[in-house]
Amino acid sequence: MKILSLDSATESASCAILDGNKLLGEITFNYKKQHSVILMNIIDSLLKNLNLKINDIDGYIVSKGPGSFTGLRIGAATIKGLSQGCKKPFVSVSSLDALAYNMAYTSGLICPILDALRGNVYTCLYKFSNGNLEKIGDYAVISIEELIQIIINKNAPVCFIGDALFKFKDILKESIPNANFAPTHLNLVKASALGEIGLNLLRNGIQDDIFSFSPIYIRKSQAEREYEKKHGVSIYE
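Now for a quick tour of the structure. (Residues numbered from 1 in each chain as written. Predicted model: local features only at pLDDT ≥ 70, side-chain atom pairs only at ≥ 80, totals over all residues. Heavy atoms only, no water.)

What follows concerns the pattern of salt bridges. Scanning the entire structure with this criterion turns up 3 salt bridges. Between Lys2 and Asp19 there is a salt bridge, and its shortest N-O distance comes to 3.7 Å. In this pair, Lys2 is assigned in strand S1 (residues 2-7) and Asp19 in strand S2 (residues 13-19), connecting sequence segments 17 residues apart. Looking at Asp19, the relative accessible area reads 30%, which means it is partly exposed. (Salt bridge = Lys/Arg side-chain N within 4 Å of Asp/Glu carboxyl O. Helix = DSSP H or I, 4+ residues; strand = E, 2+ residues; numbered from the N terminus. Buried < 20%, exposed > 50% of the residue type's maximum accessible area, 1.4 Å probe, protein only.)

Right under this line is the structure:
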């Protein structure tokens, strides 16, 4: 089963094609380019270099977040369009799940952190048990201080991973003596990790509905928050 996976949840963009348990190719950019400009070019380049046509793809995987609202919407629209146009199934996987999967078989806690701005991170806690990734909390957006206290209370070894390490590594190192940190090349959401998780879901008959699927945002957008602050009312009321 050949699948194409796509992540655009953060500033980076990643696309991979897997054939069963074999990774055929992956392209990842971590540079300030608009996802709307580069995603289709990445997909096209990957297919051409692998001598594949879009109809050779049997299913699609897309990151459902959390992350950049705009990036998530662009990725979702791209995969929905391909899924509908090619009449092939798609399934979504959390960007935090994919990050945690980069640290497969790590002992202790795995804590992915994505920069949510203003001193906050998107995060969740995981552990590997019997070869499987287990989520042991809910997806959340919290301050780095709150996360530090949660980890301290767990009193267990922890490995941090994600793009927010560049901003918070020093305070994490000072506050949590038994903390470990992923190497630089693993701190991005990899489409290959996303694809491996999603492929197993598709094999088990799990897929998303093109009309009801929407990304995980966790919190309201900045525009929504500013509107409610200005008018003193929720736009959903």
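Before going further, it helps to examine the packing of aromatic side chains. All told, the structure shown has 5 aromatic pairs when counted by the stated rule. Seen from their ring centres, Phe90 and Phe213 are 5.6 Å apart, and the 80° between their planes marks the pair as edge-to-face. With Phe90 in strand S5 (residues 90-93) and Phe213 in the loop between helix H6 (191-203) and helix H7 (222-231), this residue pair connects regions lying 123 residues apart in the sequence. The same class applies to Phe90 as to Phe213, namely buried. Their ring planes at 20° and their centres at 5.9 Å tell us that Phe160 and Phe181 sit as a pair that is stacked. One end of the pair, Phe160, is in strand S11 (residues 158-161); the other, Phe181, is in strand S12 (residues 179-181), with 21 residues separating them in the sequence. By relative accessible area, which is 0% here, Phe160 ends up buried. Taking NZ or CZ as reference, Lys135 lies 4.4 Å from the ring centre of Tyr139, over its face. (Phe/Tyr/Trp six-rings, centres within 6.5 Å; stacked < 30°, edge-to-face > 60°. Lys NZ or Arg CZ within 6 Å of the ring centre and 35° of its normal.)

Note that Gly205 resides in the loop between H6 and H7. Put simply, Gly205 and Asp7 are 198 residues apart on the chain and 21 Å apart in space, counted from C-alpha to C-alpha.

Looking now at the environment of Ser8. Tracing the backbone shows Ser8 in the loop between S1 and S2. With 200 residues separating them along the chain, Ser8 and Asp208 place their C-alpha atoms 18 Å apart. Excluding residues within four positions of it along the chain, Ser8 makes contact with His35, Leu39, Gly71, Leu72 and Gly75. In terms of polar contacts, Ser8 uses its side chain to reach the backbone amide nitrogen of Gly75, at 3.4 Å. (Contact = heavy atoms within 4.5 Å. Polar contact = N/O pair within 3.5 Å; in protein donor to acceptor, adjacent residues only side chain to side chain.)

What follows is about the pairing of strand S7 (residues 120-123). Side chains Asn120 and Tyr122 project from S7 onto one buried face, and the interleaved Val121 and Thr123 project onto a second face that is buried too. Across 3 bridges, the pairing between strand S6 (residues 109-115) and S7 is antiparallel. Across the sheet, residue Ile113 finds its bridge partner in S7, namely Thr123. From the end of S6 to the start of S7, which pair antiparallel, there are 4 residues, and Leu117 there has a positive phi angle of about 70°. Bridge analysis of S7 against strand S10 (residues 140-143) gives 4 bridges, and the strand direction is antiparallel. The partner of Val121 across the bridge, within S10, is Ile142. (Pairing = 2+ DSSP bridges.)

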